[in-house]
Amino acid sequence: MLTAIAFIFCLFLGRFFYIQVIWEDELHYLALDQWTREIPVVAGRGKIFDAGGELLAGNRTTYSVFARANAVDDAENSSRVLSSALGLSYEEVYEKLTDKKRSEITVVRRAEKSVVEKIAGADLNGVYYARDNTRVYPYGELACQILGFTSFDQSGSTGVEQFYNSYLAGENGEILYETDLIGIDLEGATAAYLPATDGLNVRLTLDYRIQAYAEEVMARALEANNAKSAQCIVLDPSDFSVLAMVNLPSYDLNDIPRDDLKTLNELSRNRLVCDIYEPGSTFKIITSAATLEEYYKGNPAALSPEHVFPSSRTRSVDGTTIKCWSDHKNGKHSNQTLAEALNNSCNPCFVDMALSLGKDTFYDYLSAFRFGRATGLDFSGEAIGMLLPQTTVRDCDLARIGFGQTIAVSPLQLACGAASAVNGGYYYSPRIVSEIFSDDGSVREKTDKILLGRTVSERTSQALSSMLEGVVTEGSGKHAYIEGYRVAGKTGTAQKYENGQIAQGKYVASFLGYFPADKPQYLALVIVDEPQGAYYGSTVAAPCAKEIFEGIIKVRQIAPFTEGL
């Protein structure tokens, strides 16, 4: 008997402990919710600025209108006032105001201040309002895929808005009013105010002037070539900070096509980061860098800069024939050095380079240049590319990788790899955001450059840059030449594949260039997808890079590099 009494006593004691200690917070919340009415105080979302302090994403103060059906004493009059002020149907509003199954309903969001003032002047019982924010993008389409957009609840959905949402969002507060059990305010009760904490601001590495100029250039290229799309990325090779990213076609961030999800997904996708393609001849920069580095390291199998490639226009590898895209001199395919092979973009020469390095060595360089893995950009959805498993690679595969086929990369990967090849061999983690700061200007977080590894030596970079400068002064990249400025680069014209077969008449024209050649400060990768008519990178993409570089020279007031000018 005593044992049973002790057991029952322990049960009561345990229940008492659970209610008083463990369940305390939840019961307190339930009681507070029953006896209070909460009006949200929306935190101000952090702003987004370019590198120079230009506002790219801000807020406009708007208001949300709420109602509690139990506290509405004249649903008909309140419905007439609200429907008239807010432009809603009377029936829709009346249905909401008489729905006593819900403790609180949202009548409308993002109402203008003048509208809310009209509602407040009508002194409607049971109707309340609170400030919220409407996201505003002063430049509309500018850098839309980079900035991204927010959802209806002001949470970041894509781009920087999504990746840095935890900093930008802030923390909402609320105003608590004491009410009776059915939600009617208690007379004489005081309100409790829990302030919101505004979000932090984000400063990008983007320069809006370079971004705007690049978008203008690529828009003209898209229209002039009746192309499927046009992209451009501009990097600072000294630290891999992103100065511009252009993806066209685009859309207006202030007029988001939310009712057409397919179109929205296509237009909002940052294809420079998230998509992959066969780079074609621009990848020869990487093959050349690996060849030069191995030669300077003393690898006897590596071809020297002075090596003379045979004049044969074809190479046969594993029973497949690889041809050069053209003859070089007087209708004949001539002997040539590495520099001349770059000038002429001769595929057979790069077949020789790749095969001379061998699968293991070449794959070591592909790994060092971070192909087949993410670059580490502070952006969601980065593609890692497609790289054949090393164990499955045949000589014919290796040969094609040497000139940019049988490998797929993101444009960002290629730009970063090339930047490392020509900046002394330093591979940094690319970045879009430079710092996080509060409204008072204090920096909360700073993203300094991060060195991920070395790819090649300074000697290789210098030799390669000298050759790539020759591509612009006397080779296929002549349309990127700028008098008085040392521009270097490489053209690319890649065939497209569909269902494993070459898609007839479909090409990707590209150009990867930078300046000044001896100490790179600006690197641009231009891609025009499926241009109609002319489709060579030399005639379609290289002129775009020239215009973009000229824009950079203008906005940053860069003096000529050539001595005597």
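Everything below is about the structure shown above.
Quantities reported herein were computed from a predicted structural model and do not represent experimental measurements. Every chain is numbered on its own, with residues counted from 1 as its sequence reads. Predicted model: local features are reported for residues with pLDDT of at least 70 only, side-chain atom pairs are reported and counted for 80 or more only, and whole-chain, interface and lining totals are derived from all residues. With hydrogens and water excluded, all non-hydrogen atoms of the structure serve as input to the side-chain values.

### Regarding the sheet that holds strand β10 (residues 241–248)
Part 1 of the argument: Across the sheet, 5 strands lie side by side as β10-β9-β19-β18-β17; this open sheet has antiparallel pairing. Strands with a single pairing partner mark the edges of an open sheet, and in this sheet they are β10 and β17 (488–498). Adjacent strand axes in the sheet meet at a mean angle of 10° when their direction is disregarded.
Part 2 of the argument: DSSP bridges decide pairing: two strands pair if at least two such bridges lie between them. Helix and strand definitions follow DSSP, with helices as H or I runs of at least four residues and strands as E runs of at least two, each counted in order from the N terminus. Where strand β9 (residues 229–236) meets strand β19 (residues 522–529), 7 bridges bridge the pair, whose relative direction is antiparallel. Residue Gln-231 lies in a different strand from β19, and its bridge partner there is Ile-527.
Part 3 of the argument: In what follows, a contact means two residues having at least one pair of non-hydrogen atoms within 4.5 Å. Each axis is a line fitted through C-alpha atoms, taken for helices only over the stretch in contact, and angles between the N-to-C directions span 0 to 180 degrees. This element, helix α9 (residues 208–224), spans β9, β10 and β19 of the sheet and lies at about 30° to β10.
Part 4 of the argument: Docked against the sheet, helix α20 (residues 542–555) engages β9, β18 (501–515) and β19, running at close to 25° with respect to β18.

### Description of the packing of helix α12 (residues 284–296) against helix α17 (residues 411–422)
Part 1 of the argument: Interaxial distance between α12 and α17 falls to 9 Å at its minimum, and their mutual angle equals 35°. The two elements α12 and α17 meet at a crossing, and its hand is left-handed. Facing α12, whose interface residues are Ile-285, Ile-286 and Ala-289, α17 presents Gly-417, Ala-418 and Ala-421.
Part 2 of the argument: Among the residues making up the contact of α12 with α17, the classes are represented as 5 nonpolar, 1 polar and no charged. Should the near helix be turned anticlockwise from the far one by less than a right angle, the crossing is termed left-handed; should it be turned clockwise, right-handed. Residues are grouped as follows: nonpolar covers Ala, Val, Leu, Ile, Met, Phe, Trp, Tyr, Cys and Pro; charged covers Asp, Glu, Lys and Arg; every other residue, Gly included, is treated as polar.

### Details of the pairing of strand β8 (residues 201–204)
Part 1 of the argument: Exposure classes here rest on a 1.4 Å probe applied to the protein chains alone. A residue is buried below 20% of its type maximum, exposed above 50%, and partly exposed in between. Of the two faces of β8, the one carrying Asn-201 and Arg-203 and the one carrying Val-202 and Leu-204 are both buried.
Part 2 of the argument: As judged from the 4 bridges shared by β8 and strand β14 (residues 433–437), these two strands associate in the antiparallel manner. Paired with Arg-203 across the strands is Glu-435, a residue of β14.

### Digging into α17
Part 1 of the argument: To estimate how far a helix should extend, the number of its residues minus one is multiplied by 1.5 Å. Given a rise of 1.5 Å per residue, 12 residues ought to cover 16 Å, and the 17 Å separating the end C-alpha atoms of α17 matches this to within 8%.
Part 2 of the argument: Taken across its 12 residues, α17 has 12 buried, putting it largely inside the fold.
Part 3 of the argument: Those residues of α17 that sit buried are Pro-411, Leu-412, Gln-413, Leu-414, Ala-415, Cys-416, Gly-417, Ala-418, Ala-419, Ser-420, Ala-421 and Val-422.
Part 4 of the argument: Of the residues one or two after α17, Gly-424 is the one with positive phi, at around 105°.

### Things to note about the packing of helix α3 (residues 75–86) against helix α4 (residues 90–97)
Part 1 of the argument: Between α3 and α4, the shortest axis-to-axis distance is 9 Å and the interhelical angle comes to 135°. The pairing of α3 with α4 is recorded here as oblique in orientation. The element α3 and its partner α4 pack so that their crossing is right-handed. Mapping the contact onto sequence places Ala-75, Glu-76, Ser-78, Ser-79, Arg-80, Leu-82 and Ser-83 in α3 and Tyr-90, Val-93, Tyr-94 and Leu-97 in α4.
Part 2 of the argument: Grouping the amino acids of the contact of α3 with α4 by side-chain chemistry returns 6 nonpolar, 3 polar and 2 charged. Orientation is classified from the angle alone, with under 35 degrees giving roughly parallel, over 145 giving roughly antiparallel, 65 to 115 giving roughly perpendicular, and any other angle giving oblique.

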